[in-house]
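Single-letter residue listing:
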Amino acid sequence: MSGYSTPAIVLRKTDFGDYDLIITFFTLKEGKITVIAKSAKKSTKRFGGILEIFSALDVVYSTGRRKGLPVLQEATLTYPFPSIRSSMLKTAYASYWAELINKWMEDGQVEIRLYHLFHHVLKELDAGRASEGALSILFQMRFMKMSGFGPNLQRCGTCRIEVDNIKETNMMFDLKKGSIVCDRCAGGIRHELVLTKGTVKQILWMEKGNLVKAVRVKFSPDALREGVEFLELFVPYHVGKEPRSLKFLRQIRKW
Ligand SMILES: [Zn+2]
């Protein structure tokens, strides 16, 4: 039997029989793993009720020689994120991010930068220093870049003309290509997705450099909405099936 010890964030939690829970963790050192937490459902004493979605923990788990899920041995809470739990909107955003990570990551795929990004946006969401939408833009832009599907917002995907040199303020975005397309290259085809130049610039500020500074980017309400709606179409399109949590998020978000 071998044991592992690592910081972890709960991505998913499901009941298993009357006593146990199956937990999917995004761990810092071992990537995504799914473990069984024995008696966690029956007795709150066993894990003190801390195995909640998005909880940041230090966990110890072991793998046996026989096939079967690793077994959670110990869990210590490091960040409970109480303000996320008490707000339906914050819970909806965090659930969406967790679902994206869970859908995209393979078991055992180690993603240290993504782990830090996720932890950072959860902390900021909990602290309430930045708006939910701005944090969601930050998360999605960096997540897509890390997964190799970052949208091309710098230039037209066909003729490579830079956004700054495109004279129209409204630019079309080709979802399939993942790129801005200038009016000339579109050749009369109307792409449904249109972004204003100002929004594109603000979204791009979120993608680069220091995480702490990026959170301070101030969006105008229109740009925020446009950016959020754009990414919530773009990201699910490239990750695959539409996340269930996105439907819930759209229902409760009042623009
Ligand atoms: Zn072009």
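Cut-off values and rules
Residues numbered from 1 in each chain as written. Predicted model: local features only at pLDDT ≥ 70, side-chain atom pairs only at ≥ 80, totals over all residues. Heavy atoms only, no water. Helix = DSSP H or I, 4+ residues; strand = E, 2+ residues; numbered from the N terminus. Polar contact = N/O pair within 3.5 Å; in protein donor to acceptor, adjacent residues only side chain to side chain. Core = buried A, V, L, I, M, F, W, Y, C linked by side-chain atoms within 4.5 Å. Buried < 20%, exposed > 50% of the residue type's maximum accessible area, 1.4 Å probe, protein only. Contact = heavy atoms within 4.5 Å. Donors = N, O, S within 2.8 Å, 3.2 Å for Na, K, Ca; no water. Tetrahedral: all angles 85-135°; square planar, octahedral: opposite > 155°, others 65-115°. Pairing = 2+ DSSP bridges. pLDDT = per-residue confidence, 0-100. Lys, Arg positive; Asp, Glu negative; His and termini not counted. Salt bridge = Lys/Arg side-chain N within 4 Å of Asp/Glu carboxyl O.

Asks: Break down the side chain of Ser62 for me, citing the residues and quoting the values.
Replies: In this fold, Ser62 is placed in strand β4 (residues 56-63). A polar contact is formed between the side chain of Ser62 and the side chain of Gln73, at a distance of 2.6 Å.

Asks: Tell me what's going on with the nonpolar core, and back it up with residues and numbers.
Replies: Membership of the largest hydrophobic core comes to 62 residues, with the highest contact counts inside it found for Trp97, Phe118, Phe139 and Leu153. Per element, the largest residue contribution to this core is 9 residues, and it comes from helix α3 (residues 88-104). Non-local contacts of Trp97, meaning those with residues more than four positions away in its chain, are made with Phe118, Val121, Leu122, Leu125, Glu132, Leu135, Ser136 and Phe139. Listed in part, the 17 residues of the second largest apolar core include Val10, Phe25, Leu51 and Ala75.

Asks: So, the environment of His116: which residues are in play, and what are the values?
Replies: Note that His116 resides in helix α4 (residues 112-127). Residue classification places His116 among the partly exposed residues on the basis of a relative accessible area of 44%. C-alpha separation for the pair His116 and Met146, spaced 30 residues apart in sequence, amounts to 12 Å.

Asks: Can you explain the coordination of the zinc ion? Please cite residues and give values.
Replies: Distances from the zinc ion to its protein donors, Cys156 (SG), Cys159 (SG), Cys182 (SG) and Cys185 (SG), fall at 2.3 to 2.4 Å. Coordination at the zinc ion is tetrahedral: its 4 donor atoms span angles of 103 to 116° at the metal. Counting along the primary sequence, the residues that act as donors to the zinc ion give the motif C-x2-C-x22-C-x2-C. Within this pair, whereas Cys159 is found in the loop between β6 (152-156) and β7 (170-174), its partner Cys185 is found in helix α6 (residues 183-186), the two being separated by 26 residues in sequence. Looking at Cys159, the relative accessible area reads 39%, which means it is partly exposed. Overall, Cys185 belongs to the partly exposed group, its relative accessible area being 30%.

Asks: Describe in detail the pairing of β4, supporting the description with residues and values.
Replies: One ladder, built from 8 bridges, connects strand β1 (residues 2-16) with β4; its direction is antiparallel. Residue Ser5 lies in a different strand from β4, and its bridge partner there is Val60. Bridge count for β4 against strand β5 (residues 71-79) is 7 bridges, and the pairing is antiparallel. Bridging from a neighbouring strand, Ala56 pairs with Tyr79 of β5.

Asks: Break down unusual backbone geometry for me, with residues and values.
Replies: Glycine aside, a negative phi is what most residues show, and trans is what most peptide bonds show. Backbone geometry at Ser39 places phi at a positive 65°, although glycine is not the residue there. Even without a glycine there, the phi angle at Phe54 is positive, about 70°. Here Phe54 lies in the loop between α1 (44-47) and β4. A relative accessible area of 1% places Phe54 in the buried class.

Asks: Break down the confidence of the model for the chain for me, with residues and values.
Replies: The share of residues in the chain with pLDDT of 70 or more is 100%, and the mean pLDDT across the chain is 92. Per-element mean pLDDT across the chain ranges from 80 in α1 up to 97 in α4.

Asks: So what about the side chain of Glu111? Which residues, and what values?
Replies: Within the secondary structure, Glu111 is located in the loop between α3 and α4. For the buried Glu111, no salt bridge is present, and the opposite-charge side chain at shortest range is Arg113, 5.9 Å distant. Once residues within four sequence positions are removed from consideration, Glu111 is found in contact with Phe26, Trp104 and Met105.

Asks: Go over the pattern of salt bridges with me, naming the residues and quoting the values.
Replies: Tallied over the entire structure, the rule returns 11 salt bridges. A salt bridge links Lys167 to Glu168; the shortest N-O distance between them is 3.9 Å. Judged by relative accessible area, which is 75%, Lys167 ranks as exposed. Judged by relative accessible area, which is 26%, Glu168 ranks as partly exposed. Taken together, the salt bridges that share partners define one network made up of Glu232, Glu242, Arg250 and Arg253.

Asks: Lay out the environment of Asn210 with the relevant residues and their values.
Replies: Within the secondary structure layout, Asn210 lies in the loop between α7 (197-207) and α8 (211-214). At a separation of 2.8 Å, a polar atom in the side chain of Asn210 contacts the main-chain amide nitrogen of Val212.

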